[in-house]
Amino acid sequence: MKERRVVITGMGIVSPVGNRLDEAWNNVCEGVSGIQLIEDFDTSTFATQIGGIVQNFDASDYMPPKDIRKTDPFIHYGIAASVEAIKHSGLEITAENGHEIGVAMGAGIGGIKTIEDNHNKFVTGGARKVSPFFIPGSIINMTSGYVSIYQHITGPNVSIVTACATSSHCIGFAGRMIEHGDAEVMLAGGSEYATTPLAMGGFCSAKAMSTRNDDPTRASRPFDVDRDGFVLGNGAGCVVLEELEHAKARGATIYAELIGFGMSGDAYHITAPPADGEGARKAMAAAIRDAGIDPGDVDYVNAHGTSTPAGDIGESVGIRRAFGAAADSLMVSSTKSSTGHLLGAAGVAEGIFCIQALCNQVVPPTSNLDNQDPACDLDYVANEARDANVRIALSNSFGFGGTNGSLIFRAFD
């Protein structure tokens, strides 16, 4: 047993399936899709014209107008998720305890919309037209920066950037900061806003995304034989991690315990996973070892499951290798089938869904799984949520560059 245990006492989410915790959870359980045609710009020349779009979001609920104008939407989303997480936790941040609290919020790409907008101003008007707020309004660590300033948090203030593993790594390292006594409380997660012309163009050129434009809600179909790529989505998530005794002392509601964190590198290819899933296997094995449990103790895996042909197979093989005989009784699902791929925010959103599975004893489904790929041979909880005894859940996040992260959460009694 670790000397300083880390528990989750609050959660906040901004996502294509809802901007409230209960709404997002209910929607992923019901298989509601947040994927739709992109309307922010003309997509007529793009092979992919769909994305996971955040709806009914008003940044002015969380930020003053002058700061909204100066910052990228990914920062708006991250701030909103942190505010909701703090509210959910009941944590009171004061001048006396601010130094005991830290922030670890990242992004996979960051302020690409702001970069595009300012480049357009530069091309049409020259250097004098570039905003003086361009740099601080777009760099990735400014979500942590603004959260720290708004909430008067003076403890650790960091951002980890590891593509689609970003927010899982932020959570894992935040947990270790608490274990090592660097903080009593950490706000951890990530955010992303990447459905922009340049980002969409890049992913389209790489032929990485689904082109099922005529049927958006069924475009993200992890582990299905007819999958044709991922769907890019926007959003943010934040969890409040807290040292157990600190949480107890203030009477906090404890939703789960973070018991394991594992990482690995594929050392294989900048975008594709190895067919044998070795990087994924190593990350999961490291998390299981860190948690001090046996593979058979894990009940549910929220898969990275992006709906790419190679990725889904590689992860499935990696899970089977990591869990051995226990893989046959393991429940696995990909909530990206509803949300799309939130890049730097994917890990925290899916970690939140793991925690909700523990709290509600329900495993969310893999939607659109109508014809399971024979090469993906696990129980993917197809199309319908499942009532189940879930005590321990693992969340996978893998990123470009071959970076991998796995988190393990346990129900708290």
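These figures come from a predicted structure and were not determined experimentally. (Residues numbered from 1 in each chain as written. Predicted model: local features only at pLDDT ≥ 70, side-chain atom pairs only at ≥ 80, totals over all residues. Heavy atoms only, no water.)

A. Local environment of the side chain of S167. Mapped onto the fold, S167 is located in helix α6 (residues 166-179). Look at S167 and you get buried, because its relative accessible area is 1%. Apart from residues no more than four positions distant in its own chain, S167 is found in contact with G189, G190, G344, A345, A346, G347 and V348. (Helix = DSSP H or I, 4+ residues; strand = E, 2+ residues; numbered from the N terminus. Buried < 20%, exposed > 50% of the residue type's maximum accessible area, 1.4 Å probe, protein only. Contact = heavy atoms within 4.5 Å.)

B. Representation of the sheet that holds strand β8 (residues 256-265) in the model. With respect to topology, ten strands assemble into an open sheet ordered β5-β4-β6-β7-β1-β8-β14-β13-β9-β10, the strand pairing being mixed. A single partner strand is all that each edge strand has here, and the edge strands are β5 (157-158) and β10 (331-333). Across two bridges, the pairing between strand β4 (residues 101-106) and β5 is parallel. Pairing of V103 across the sheet is with N157, part of β5. Sheet strands touched by helix α3 (residues 73-89): β1 (6-14), β4, β6 (185-192) and β7 (235-243). Its angle to β1, the strand with the most contacts, is close to 135 degrees. Here helix α9 (residues 278-291) sits on the sheet in contact with β8, β13 (392-399) and β14 (403-410), set at roughly 145 degrees to β8. (Pairing = 2+ DSSP bridges. Axes fitted to C-alpha atoms, helices over the stretch in contact; angles between N-to-C directions.)

C. Geometry of the pattern of salt bridges. Under the counting rule described, the total for this entry stands at 25 salt bridges. A salt bridge links R227 to D373; the shortest N-O distance between them is 3.0 Å. Here D373 lies in the loop between β11 (362-363) and β12 (386-387) and R227 lies in the loop between α7 (197-205) and β7, a separation of 146 residues in the sequence. Shared partners join several salt bridges into a network, and the residues in it are D215, R218, R221, D224 and D370. (Salt bridge = Lys/Arg side-chain N within 4 Å of Asp/Glu carboxyl O.)

D. Spotlight on the pairing of β8. Of all ten residues making up β8, eight are buried, and the element is well covered by its neighbours. Of the strand pairs in this sheet, β1 and β8 are connected by three bridges, and their pairing is antiparallel. Its bridge partner lying in β8, V6 is registered against L258. Looking at chain direction, β8 and β14 are connected through eight bridges and run antiparallel. Each residue of the ladder has a partner; that of L258, found in β14, is F409.

E. Structural context of the packing of α9 against helix α10 (residues 309-323). Relative to each other, α9 and α10 sit at 40 degrees, their axes nearing to 8 Å. Between α9 and α10, the angle is such that the two are oblique. As for how α9 packs across α10, the hand of that crossing is right-handed. Contacts between α9 and α10 involve E278, R281, M284 and I288 from the former and G318, I319, R321, A322 and F323 from the latter. (Parallel < 35°, antiparallel > 145°, perpendicular 65-115°, else oblique. Left-handed = near helix turned anticlockwise from the far one by under 90°.)

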